[in-house]
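Coordinate analysis (summary)
Here's the letter readout for the chains.
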Amino acid sequence: MLNIHDIMNRLASKQAVFHSRRDLHASLIVQILQGYTGCEVMPEFNHIPDDRTRLNIWLPSLGTIIRLRYPTSEFRMERRGERFGLLHQGANDRGRYEFLRDVQRLERAINEVNGARRGFAVMLTNDHLYWNEGARPGTVDADFRIHEGRKLSGVLAWSDAASAGTKEGMEESISLKGQYEMRWCDYSNLGLRQNSRFRYLAVEVGK
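As for the packing of aromatic side chains
In the structure shown here, the tally under the stated rule is seven aromatic pairs. For the ring pair Phe-75 and Phe-198, a centre distance of 5.9 Å and an interplane angle of 80 degrees mean the geometry is edge-to-face. Residue Phe-75 is located in strand β4 (residues 75–79), and its partner Phe-198 is located in strand β10 (residues 197–206); the two are separated by 123 residues in the primary sequence. Between Tyr-97 and Trp-158, the aromatic rings sit 5.7 Å apart at their centres with planes inclined by 10 degrees, giving stacked as the arrangement. With Tyr-97 in helix α3 (residues 92–112) and Trp-158 in the loop between β7 (151–156) and α5 (164–167), this residue pair connects regions lying 61 residues apart in the sequence. There is no split in this pair, since Tyr-97 and Trp-158 are both buried. What links up through ring pairs into an aromatic cluster is the set Phe-18, Tyr-70 and Tyr-187. The side chain of Arg-199 reaches across the aromatic face of Trp-131, ending 5.4 Å from its centre.

What follows is the structure, encoded as structure tokens:
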């Protein structure tokens, strides 16, 4: 059985920051292959005909699916001779929606992919607005908040005040069959500079 926290801890000891989601994706696969000898890995697996949504990592021998997110805030540094320049992506409301849509997709996938038993929606970020609750009440994405300790289940939707631009391509509500508690974990801390702390959220979905 795959232990996602063990994998993330070992990954953090090797690489504290990534250039992109693709970089994270490739590095995570390497750690899985090193930790689980003989494990088959199917990256970007498409299980639904005529659907462009792909499962970032499908591990048939472990019955496990992983979806990855890597939203970032601006951060620049040089580490071991390698330069990193992360952009400020913002749009946290849409980022939260995308993450929870991944949870919904995983619920569907473990019922549709032969042999799938568990799934993990994983977000690694240096943007504290994801793990902090924030003080502003009545936000348009209140249902989608994923801060530390939040419990989510059932139907989640934008508030009536959400603009068409905010919801573009994400108009449909999200329906979660299970109940999930958001528990953030420290990943790496690269000093006192702004946005140097990275944390991850791993939501497990299972039958």
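Further notes follow.
Focus: the side chain of Ser-196
If you trace the backbone, Ser-196 turns up in the loop between β9 (184–189) and β10. Polar side-chain contacts of Ser-196 include one of 2.6 Å to the backbone oxygen of Gly-191. Those residues in contact with Ser-196, other than ones at most four positions away along the chain, are Phe-75, Ser-188, Asn-189, Leu-190 and Gly-191.

So, the pattern of salt bridges
The tally for this structure, following the rule as stated, stands at 15 salt bridges. With a shortest N-O distance of 3.3 Å, Asp-6 and Arg-10 are connected by a salt bridge. Here Asp-6 and its partner Arg-10 are both found in helix α1 (residues 4–14), four residues apart, which amounts to about one turn of the helix. Given a relative accessible area of 24%, Arg-10 falls into the partly exposed group. In this structure, Asp-102 and Arg-67 form a salt bridge, with 3.0 Å as the shortest nitrogen-oxygen distance. With Asp-102 in helix α3 and Arg-67 in strand β3 (residues 64–69), this residue pair connects regions lying 35 residues apart in the sequence. Taking relative accessible area as the criterion, Asp-102 reaches 1% and is therefore assigned buried.

Digging into the sheet that holds β10
Read from one edge of the open sheet, six strands run β1-β2-β3-β6-β10-β9, paired in mixed fashion. Unpaired on one side and paired on the other, β1 (42–45) and β9 mark the two borders of the sheet. Here the average twist between neighbouring strands, direction ignored, is 25 degrees. Sheet topology note: the strand β2 (residues 55–59)/β3 ladder contains three bridges and is antiparallel. Bridge pairing links Trp-58 to Ile-65 in β3. Sheet contacts for α3: β2, β3, β6 (118–125) and β10; angle to β6, the most-contacted strand, approximately 165 degrees.

Let's talk about the nonpolar core
Formed by 34 residues in total, the largest nonpolar core has its most connected members in Ile-32 and Ile-66. Elements with a contribution of two residues or more to this core: α1, α2 (21–35), β2, β3, β4, β5 (82–86), β6 and β10. Sorting elements by how many residues they give to this core places α1 first, with five residues. In this view, Ile-66 contacts Ile-4, Leu-28, Ile-32, Leu-55, Asn-56, Ile-57, Leu-59, Phe-120 and Val-122; residues no more than four positions away in its chain are not counted. Leu-55, Ile-110, Val-113 and Met-170 belong to the second largest nonpolar core, which has 31 residues in total.

Rules used throughout
- Residues numbered from 1 in each chain as written.
- Predicted model: local features only at pLDDT ≥ 70, side-chain atom pairs only at ≥ 80, totals over all residues.
- Heavy atoms only, no water.
- Phe/Tyr/Trp six-rings, centres within 6.5 Å; stacked < 30°, edge-to-face > 60°.
- Helix = DSSP H or I, 4+ residues; strand = E, 2+ residues; numbered from the N terminus.
- Buried < 20%, exposed > 50% of the residue type's maximum accessible area, 1.4 Å probe, protein only.
- Lys NZ or Arg CZ within 6 Å of the ring centre and 35° of its normal.
- Polar contact = N/O pair within 3.5 Å; in protein donor to acceptor, adjacent residues only side chain to side chain.
- Contact = heavy atoms within 4.5 Å.
- Salt bridge = Lys/Arg side-chain N within 4 Å of Asp/Glu carboxyl O.
- Pairing = 2+ DSSP bridges.
- Axes fitted to C-alpha atoms, helices over the stretch in contact; angles between N-to-C directions.
- Core = buried A, V, L, I, M, F, W, Y, C linked by side-chain atoms within 4.5 Å.

By themselves, these observations are geometric and do not establish any function.
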